[in-house]
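# Coordinate analysis (summary)
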Amino acid sequence: MKKIYIGNLPFTATEDEIRELFGAHGTVHSVALINDRETGRPRGFGFIEVDDNDLQGMISALDGKEMGGRALRVNEAQDKPRGGGGGGGGGGRW
DNA sequence: GTTGAGCGT
């Protein structure tokens, strides 16, 4: 199971839309749209957990897909450590 | 009734 970073999301997008959109191209284990912790406004990006075998398929299939008038940005997430401990990994190689 | 970076508690 891997994580996918979704950016350039429209403020009108919801987890349900993401789940259905990505679920149509693979198995989506969980969907999480990130909104501002202080103001509560949507940040325009989110995360989803998908299977390893469907990760590439979703990225190649939904990356650049238009949603709400804006092109979605799909890429494998970096599994950044949020709650202490651990170190970064991979990343940055574009 | 607003907005736009880009990896979350």
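Each remark here, short or long, concerns the structure printed above.
Residues numbered from 1 in each chain as written. Chains lettered and ligands numbered in written order. Predicted model: local features only at pLDDT ≥ 70, side-chain atom pairs only at ≥ 80, totals over all residues. Heavy atoms only, no water.

Looking at chain direction, strand β1 (residues 2-7) and strand β3 (residues 42-50) are connected through five bridges and run antiparallel. Looking at β3, one finds that K3 is bridged to E49. (Pairing = 2+ DSSP bridges. Helix = DSSP H or I, 4+ residues; strand = E, 2+ residues; numbered from the N terminus.)

Here we come to the sheet that holds β3. Hydrogen bonds between backbone groups are what pair the strands of a sheet, and the pairing can be parallel or antiparallel. On the basis of which strands lie adjacent, the open sheet formed by four strands has the order β2-β3-β1-β6 and antiparallel pairing. The open sheet has two edge strands, β2 (28-35) and β6 (73-76), and neither has a second partner. On average, each strand axis in the sheet is inclined to that of its neighbour by 20°, with strand direction left out of account. Strands β1, β2, β3 and β6 of the sheet are contacted by helix α1 (residues 15-23), whose axis makes an angle of about 140° with β2. (Axes fitted to C-alpha atoms, helices over the stretch in contact; angles between N-to-C directions. Contact = heavy atoms within 4.5 Å.)

Moving on: unusual backbone geometry. If you check the backbone angles, N8 has positive phi at about 60° while not being a glycine. Along the chain, N8 falls in the loop between β1 and α1.

Turning to the pairing of β2, a few remarks are in order. Successive residues of a regular strand alternate their side chains across the two faces of the sheet. In terms of strand pairing, β2 meets β3 through seven bridges, oriented antiparallel. Across the sheet, residue S30 finds its bridge partner in β3, namely E49. Hairpin connection of β2 to β3: six residues between the antiparallel strands, including G40 at a positive phi of 90°.

Attention shifts here to the side chain of D54. Tracing the backbone through its elements, the reader meets D54 in helix α2 (residues 52-62). For the buried D54, which has no salt bridge, the nearest side chain bearing the opposite charge is K2, at an N-O separation of 12 Å. D54 has contacts with H25, G26 and T27, leaving out every residue within four places of it along the chain. (Buried < 20%, exposed > 50% of the residue type's maximum accessible area, 1.4 Å probe, protein only. Lys, Arg positive; Asp, Glu negative; His and termini not counted. Salt bridge = Lys/Arg side-chain N within 4 Å of Asp/Glu carboxyl O.)

For the rest of this paragraph, the subject is the nonpolar core. The biggest cluster of nonpolar side chains holds 18 residues, and the ones touching the most others in it are I4, I6, L9, I18, F22 and I48. If you list the elements that add at least two residues to this core, you get β1, α1, β2, β3 and α2. When residues in this core are grouped by element, the largest group, four residues, is from α2. I6 has contacts with I18, F22, G44, F45, G46, I48, L72 and R73, leaving out every residue within four places of it along the chain. (Core = buried A, V, L, I, M, F, W, Y, C linked by side-chain atoms within 4.5 Å.)

Here we come to the pattern of salt bridges. One pass over the full model with this rule turns up two salt bridges. With a closest N to O distance of 4.0 Å, K2 and E76 form a salt bridge. A residue pair is termed long-range when its members are at least 10 positions apart, and K2 in strand β1 and E76 in strand β6 qualify at 74 residues. Of the residues examined, K2 reaches a relative accessible area of 34% and is grouped as partly exposed. Note that D79 and K3 form a salt bridge whose closest N and O atoms lie 3.7 Å from each other. Taken together, the residues span a long stretch of sequence, with D79 in the segment after β6 and K3 in strand β1 at a distance of 76 residues.

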